[in-house]
Amino acid sequence: MTVFRWKHATVVIWLLCLVSLFSAEATKAATVTLNANGGSDSSNGLKIFINDNSQIQVQRLNSSGQLYQPDRTPANNRLDNGIYIRGNNTIYGPDHFAYNAPGNYTTQAMTAVTPANASAGNAQTTRSQFTVPANNIGGGPQITIDWSYTYPYDFVTAKVSIYIPPLYPVSSTNPVRYYHAVDTYLGGSDCGCGVRYVDTNGKQVAGTYPYAGSCSSGSGNTNVQCPSSTSLPANLDVVESFRERDGKFSRYCVGNWQTFWSSSNSSACAIGKSDQLSNTVNTTLTDTGAAIEYDFTLPGTYTFSYDFVVGSTLVPDYDHLEIRHPGSSSLCPVDIQVMACLVSTMPCPDDQLINSGSLTGTLTISPSSPTVTVTPDAQFEVGNARTIDTLTLQGSAAATYTLGASGLTKGPMNGIKCWNTANNSQSCSFTMTNTPCVSTYECMESGMTYNNLNSNSSARNPIYTKILAQSFDLDVVALLSSGAQSSGYNSSGLKVDLVTDSNGSCSTNIVVTKDVSFAASDGGRKKVTFSATDVPRAYPNLRCQVRDPGQNKSGCSSDNFAIRPQSLAVTNTNTASSSSPSSTVSPVFKAGADNFSLTVSSGEQGYNGTPKISNALLAAHPGAPVVGQVAGSFAAASSGASTGTNFTYSEVGHFKISPQGLYDDTFTAVDQSKGDCDNSGSPFDNGGAGTPPKYGCRFGNTTDTNYFGRFIPNSFRVDASSPVTLACGNFVYYGQDTTASSAAPGFITPFSITALNAAGNTTQNYTGNYARLDLTNYSLYRFSASPSNGATLSASAANPAISKTTDNTAPIWGNGTTSVRVRHKLSRPSSAINQQSVVISAQPQDSDNVTSTQTALTSGGIAFRYGRLAVIPAHGSELLALPVPIEAQYYKDGFYVRSQGDACTTIDSKSIVMKNYKGNLAACETFMNGTYTANNGLVKAILSAPKVGSDGRPNVGSVDLEINLDNAVPGEVTCQSNAGTVSAIGGGKSDWFGTSDPVGRASFGIYKAPIIYMRESFQ
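About the criteria used
- Residues numbered from 1 in each chain as written.
- Predicted model: local features only at pLDDT ≥ 70, side-chain atom pairs only at ≥ 80, totals over all residues.
- Heavy atoms only, no water.
- Pairing = 2+ DSSP bridges.
- Helix = DSSP H or I, 4+ residues; strand = E, 2+ residues; numbered from the N terminus.
- Phe/Tyr/Trp six-rings, centres within 6.5 Å; stacked < 30°, edge-to-face > 60°.
- Buried < 20%, exposed > 50% of the residue type's maximum accessible area, 1.4 Å probe, protein only.
- Lys NZ or Arg CZ within 6 Å of the ring centre and 35° of its normal.
- Salt bridge = Lys/Arg side-chain N within 4 Å of Asp/Glu carboxyl O.
- Core = buried A, V, L, I, M, F, W, Y, C linked by side-chain atoms within 4.5 Å.
- Disulfide = S-S within 2.5 Å.

## As for the sheet that holds strand β25 (residues 388–395)
Strand order in the open sheet formed by 6 strands is β23-β25-β21-β19-β27-β28, with mixed pairing between adjacent strands. Where the open sheet ends on each side, the last strands, each with one partner, are β23 (372–375) and β28 (425–426).

Below, the structure written as structure tokens:
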């Protein structure tokens, strides 16, 4: 009778009673087997049984089960392991003798194993599917597990997908949990120590291993202390554990098997409790089990995977250590393989390689010279970590070596053997030939550290921008297929080409070729110097190509680079170009309107970029107030030269381009984004800073250009100002102008003139000699009067006729603008006309034919009157002074009427000629004195009383009064002390009131009433 642990039964009768029940369960389950022919010895791996209810059994070595109960396969009530799902606070999973799950999920039959038969290195797979019951809203979680086993490994992989429907109740306080719990058997020990550690791949491992000591069947913890809970001891026959693959365990627990099948929160490993697993392992010997947990708090689809490992840290007895090699190689790296074989067969079958424990040693190579480099080093390890270890050898010279091993942690029964894979023979002899080792080549800046781009794709081996006609160095690096530098490379026929880039690689267009010899002492790297004359022209995008025709090997530099010109210069223009600008030079170009051309050259034939002009680096002609702006662009250069024909300049005069104002900042674009030229600190540097030298990304003119121009305004703008001054206040007489007694001209128009470019902005440099409009020349303003009615507009006789608006000095230009006051006279029409409203306009034009639109200077027009003077006949007593009315009149509708509002007409009494005396009135017995001014067009002249003559008779009679409008006539008298006559208006300008002198008679002794004389006497 067999005695079982407490969790089994202790009596045979009870066991026999359950036989029929076990048989019934077995017929219900769908069970599949992975590696069906395995599990019998150390060479054929694990044999794994999986049931659709998630129970498993693993057989190993002697076909013994590694999970309790070892002689049972699923489905079986005596197998207390499985996958359990907590959903909505209920545990679902398989029942067994130690635990009745509160709920059961719905399962589907396992899929057939694919492929049907196991073979070394090929994975067999099968699938489990089960669903947690729905709640009252919708479906429950659905679980899919793809099981995978690769023969002859010591683990089976579970790749899990869990779908939690959107309406299923799940939250941080009500999570969905996935448990996998097993009752470990440990190859029959059944008592073990807990362990949890992170392996060399960064994966968490939680499980158990056997330890010398005992615990009673099914017992809880003992007082036997485990050697370690954080690492596995060496030489263990068996280890059972869970190991992370994709995704992290939420929790884990290793402890006494009975504690897993509890619902008590005080039990660390209980899967039925509401709390999580405790993340603890037992540290004293006990009858162990292990479990892992994954938690989910939101609906969705989740995937993760893990391994269930049934392995060993024991290196078993093995037949031989085997070294596989190809027999010979060039000086390139070559891989050899080291393995430990359980059988004597050569080469060792894959399923006979040891795959447990850790066997280490050192590869030996004899003789030690010439040197053979071993990568990563000569140490190797096989067993649990890997069944085959690969080492890389690289020779430094031709030689034949013997391969071997030393320092083995466990020796083979039949020694060390070697297998030549080239001729399938057993031999430890390995020959290195003197064939240089190279796979490809790199070109890079001389002296910089080489970066292996195969192992670090984000690194760079740069080539900086180069300057045409300056020598430069590049380093050629011979490379192995791994991207490592081939330190032993030698060749006498190497060709190093500079070629144009073709879509990120080297083209067939070779610019220059250098012959290079490599010696082994160069260590796989050689400097190549290109002289100042090797490259005859600039190139925006080159690569370095290396060729070894003897080995039919070549390589293209990983980086591309530019060889730029040293400078740019203006070589042609259709403007005047001179170092000494002139304000009169031709041709002229209107500012902002007329296009001019510039041609730029790099002085060689390769430049094909597009130059630019920096307005910040323009300079205007000496004395100019401001610097203008150049607009327009160059075309892409061809054969080193670029022409722009659509340039304009916004100012007047000339400009030149200061150093670097004419530039190219895109020709080196292939280097700029990578920082392979200086685009900020010294972007025009041709000298190079640092080692290796880094030049500026840009290039341009290195000295001032000539001055270009001359540029003139596009137009003038005239702006009327106020007030317009009229000689008579509210009107002007045709022909009215300055008189000898008045400084007032006919009328005065103030206005400003502004020189403009095509955009309507002031050309401030229109000043000094570059202002070509003479502001004192009345004719250049091109004044006009509308309607003219035959009248002529001219400058006033006032001096000056043109002045500043602020004083009477001559106007000047300042920063492209001026303000003037112009004094005018509008001549008298040839015939009388009614009062006219006349608009005065200006349209100035300078000597360069710059002009404005015709602009009115008088808003609403000026009232002009066609005037005359009339002497009204007067009579009175000879005893009294006689008022003589003189009217200023203007023509209105066929008649002359008094000129109301005239307060500007003044008449000097000296201009009134007295003649044609009648009666007893003799010359100069009456006379006038002073100057008379009109009031509302009426002048009141006064003749003195002639009274009684010397003969005692009254001086009665008449005299004719004639106002002299024209120049004085000799002999005419006024009876004043100065008998000479003058013009009534002055200066002989008779066209104010016409050319006919007005005449009127003054009579004395003609009475206006019957009473000749009356005197009142008061007493």
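## Considerations on the packing of aromatic side chains
A full pass over the atoms with the stated rule returns 48 aromatic pairs. When the centroid spacing of 5.3 Å and the interplanar angle of 45 degrees are considered together, the rings of phenylalanine 242 and phenylalanine 308 count as tilted. With a gap of 66 residues between them, phenylalanine 242 in strand β14 (residues 239–244) and phenylalanine 308 in strand β18 (residues 300–311) connect regions that are remote in the sequence. Relative accessible area serves as the criterion here: at 3%, phenylalanine 308 is assigned to the buried category. Aromatic ring contacts, followed pair by pair, group Tyr178, Phe242, Phe249, Tyr294, Phe296, Tyr302, Phe304, Tyr306 and Phe308 into a single cluster. Over the ring of tyrosine 539 we find arginine 537; its NZ or CZ atom is 4.5 Å from the centre of that ring.

## Considerations on unusual backbone geometry
For the bond from methionine 346 to proline 347, the omega torsion is -10 degrees, close enough to zero to count as cis. Note on placement: proline 347 falls in the loop between β21 (334–341) and β22 (358–366). Residue serine 369 is joined to proline 370 through a cis peptide bond whose omega torsion reads 0 degrees. Its place among the elements puts proline 370 in the loop between β22 and β23. Not every positive phi belongs to a glycine, and asparagine 88 is a case in point at roughly 50 degrees. Its place among the elements puts asparagine 88 in the loop between β5 (82–87) and β6 (90–92).

## Brief notes about the pattern of salt bridges
Summed over all chains, the structure comprises 31 salt bridges. The residue arginine 386 makes a salt bridge to glutamate 381 at a minimum N-O spacing of 4.0 Å. Residues participating in the shared-partner salt-bridge network are Arg460, Asp559, Lys674 and Asp676.

## Re the pairing of strand β17 (residues 286–296)
The buried count for β17 comes to 11 of 11 residues, which makes it a mostly enclosed element. Pairing of strand β11 (residues 176–183) with β17, which is carried by 8 bridges, proceeds in the antiparallel orientation. Looking at the pairing, aspartate 183 lines up with glycine 289 of β17.

## Structural notes on the nonpolar core
If you look at the biggest cluster of nonpolar residues, it comprises 47 residues, and the most contacted ones within it are Trp147, Tyr178 and Tyr306. The dominant element in this core, judged by the number of residues it contributes, is strand β10 (residues 155–164), at 5 residues. Counting 37 residues, the second-largest nonpolar core is a separate cluster that includes Phe716, Tyr734, Phe783 and Ile840.

## Overview of the state of the cysteines
As enumerated under the stated definition, the model contains 9 disulfides in all. One disulfide in the model links cysteine 253 with cysteine 269; its S-S distance is 1.9 Å. Looking down the S-S bond of the cysteine 253 and cysteine 269 bridge, the torsion is -65 degrees, so its handedness is left-handed. Of this pair, cysteine 253 sits in strand β15 (residues 251–256) while cysteine 269 is found in the loop between β15 and β16 (280–281), placing the two residues 16 residues apart along the sequence. For cysteine 924, the disulfide goes to cysteine 975, at an S-S distance of 2.3 Å. The chirality of the disulfide connecting cysteine 924 with cysteine 975 is left-handed, given an S-S dihedral of about -85 degrees. On the criterion of sequence distance, the pair formed by cysteine 924 in the loop between β67 (912–919) and β68 (931–933) and cysteine 975 in the loop between β70 (957–963) and β71 (999–1004) is long-range, its members being 51 residues apart.

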